[in-house]
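# Close look at the chain arrangement
One letter stands for each residue in the lines below.
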Amino acid sequence: MKFLLVLALCAVAYAKHEGYIGWKSYYVGVATDAQAKALEPLIQKYELDFLSHPTKSREGVVLVEPQHQAGFIQDMEAEGITYRIHADDVKRQLEFDDQLIEMQRMSSFTRTAGRQLPYDNYQELEVIDEYLDYIGEKYPDVATVVNAAESFEGRPIKYIKISTTNFEDESKPVIFIDGGIHAREWISPPSVTWAIHKLVEDVTENDLLEKFDWILLPVVNPDGYKFTFTNERFWRKTRSTSSNPLSQICRGADGNRNFDFVWNSIGTSNSPCSDIYAGTSAFSEVETRVVRDILHEHLARMALYLTMHSFGSMILYPWGHDGSLSQNALGLHTVGVAMASAIQSNALPNFPPYTVGNSALVIGYYIAGSSEDYAHSIGVPLSYTYELPGLSSGWDGFHLPPQYIEQVCRETWEGIVVGARRAGDLFRK
Ligand code: 0X9
Ligand code: ZN
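Described below are features of the structure shown in this document. (Residues numbered from 1 in each chain as written. Chains lettered and ligands numbered in written order. Predicted model: local features only at pLDDT ≥ 70, side-chain atom pairs only at ≥ 80, totals over all residues. Heavy atoms only, no water.)

## Some points on the sheet that holds strand S4 (residues 82-87)
- If you walk across this open sheet you meet the four strands as S2-S3-S1-S4, and the pairing is antiparallel. Strand pairing shows two members of the sheet lacking a second neighbour, strand S2 (49-52) and S4, which therefore form its edges. Between one strand axis and the next, the sheet turns by 35° as a mean value, whatever way the strands run.
- Here S2 runs beside strand S3 (residues 60-64); their pairing, made up of three bridges, is antiparallel. The partner of Ser52 across the bridge, within S3, is Val61. (Pairing = 2+ DSSP bridges. Helix = DSSP H or I, 4+ residues; strand = E, 2+ residues; numbered from the N terminus. Axes fitted to C-alpha atoms, helices over the stretch in contact; angles between N-to-C directions.)

Here it is, written out as structure tokens:
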């Protein structure tokens, strides 16, 4: 029986990921600023897709299409940039991931009778949406579900407001956490749903519930997120089209280049076919407008904004467009370090340590139009991008093995707890 099951799963898996035939992924290490600079033109030349960006202290991971592999390797060697294979056959690795995910899904469904959100497996969009509605119905005194808008393809963009005073106590600081703006970063939504779980279902930090109002938006980009489960595992953007005819073939904009902060001035592309396409204008995407509207609605008491991405184990703060420091740099840095150390003390020894710092300087490239910078530019005092841990080496599949999802959620929650308390102290001062 088990054999037949595995056989059936294989058959389904082999039909998928056709677009990744022949693709390889490589670890890339840059030792000097000159090497980092030399890498930049190669991104366009070979259509490189970095899943995590190399910094001088940590290797990155890049996807390379078959027709560009020889040229890529030649140029890497010419520049003296180190590289080594990460996945020799991306399609096969993805198939392996699928089988594991499917087997986990079946076993966890049997265990929980389909009622709970899994943390031993990746979370599908519909399951997250059902969970939010369930929480809203079961805990009406503290949780309210908001259907903020319909995504480009008509899916609900849902968030949950958590408050013991129905958001009516204007003296309470507000904390806003979003996830899933980049579709393929599958560890991001569970880190937000876990926060909901900890604030409503399993409250161990009562002060966080009493003293703050919370807004939690697990999937900013439901169309893209869905698409990564059904069609293209490494889809990053939204799924919109525009008056630009190219957008009929190449859909979507990068949500994290679409905010109105020095929009489209650096680290972006004007081509709809690029993964860092900024969109036709700032806030052209309904998905980013939802985030914008939440920030503005509660701006007067928004103490902390976190946006969850992966991967790289980093906590990043403004300004990401030019590497300069904001007036609140001291606060940003000290609270960032406090969050990272809390995570660190709860992390597994095989996870890489967190790095904290200015977005552009830590990650090594400038970008315009990010949500983190936008939130800070309109006055949110503490605004961070979390790059959650994503990959472990020595693993057969492509991404963070599902058995580590809960661990990442748990340790990330510890960071949120510390960040919230520190943000509360600063807000009340
Ligand atoms: O490039 C991004 O949008 C983020 N990295 S990711 O690999 N998740 O795509 C980094 C955003 C950092 N924020 C700023 N530079 N402001
Ligand atoms: Zn991201």
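And the narrative resumes.
## Quick look at the coordination of the zinc ion (ligand 2)
- Coordination of the zinc ion (ligand 2) by the protein comes from His182 (ND1), Glu185 (OE), Glu185 (OE) and His309 (ND1), over a distance range of 2.0 to 2.3 Å.
- Here the donor residues of the zinc ion (ligand 2) share one chain and are spaced in sequence as H-x2-E-x123-H. Pair noted here: His182 is in the loop between strand S7 (174-179) and helix H6 (188-201) and His309 is in strand S9 (residues 302-310), with a separation of 127 residues, a long-range link. Here His182 and His309 have matching classes, each one buried. (Donors = N, O, S within 2.8 Å, 3.2 Å for Na, K, Ca; no water. Buried < 20%, exposed > 50% of the residue type's maximum accessible area, 1.4 Å probe, protein only.)

## Remarks on helix H8 (residues 222-230)
- In terms of burial, H8 is a largely internal element, eight of the nine residues being buried.
- Buried residues belonging to H8 abut helix H5 (125-138), strand S6 (156-162), H6 and helix H9 (286-297). (Contact = heavy atoms within 4.5 Å.)

## Some details on the state of the cysteines
- Across all of its chains, the model carries one disulfide by this definition.
- What pairs with Cys250 in a disulfide is Cys273, and their sulfur atoms sit 2.0 Å apart. Looking along the S-S bond of the Cys250-Cys273 disulfide, the torsion reads about 85°, which is the right-handed sense. Here Cys273 lies in the loop between H8 and H9 and Cys250 lies in the loop between H8 and H9, a separation of 23 residues in the sequence.
- For Cys273, a relative accessible area of 41% puts it in the partly exposed group. (Disulfide = S-S within 2.5 Å.)

## With respect to unusual backbone geometry
- Of the consecutive residues Ser310 and Phe311, the connecting peptide bond is found in the cis state with omega at -5°.
- The omega angle of the peptide bond from Pro318 to Trp319 is 0°, so this bond is cis rather than trans.
- Along the chain, Trp319 falls in the loop between strand S10 (314-317) and helix H10 (329-345).
- Even without being glycine, Glu47 reaches a positive phi, approximately 50°.
- Non-glycine residue Phe283 carries a positive phi angle of around 60°.
- Residue class for Phe283 comes out buried when judged on its relative accessible area of 8%.

So far we have only geometry, and geometry alone does not tell us how the molecule works.
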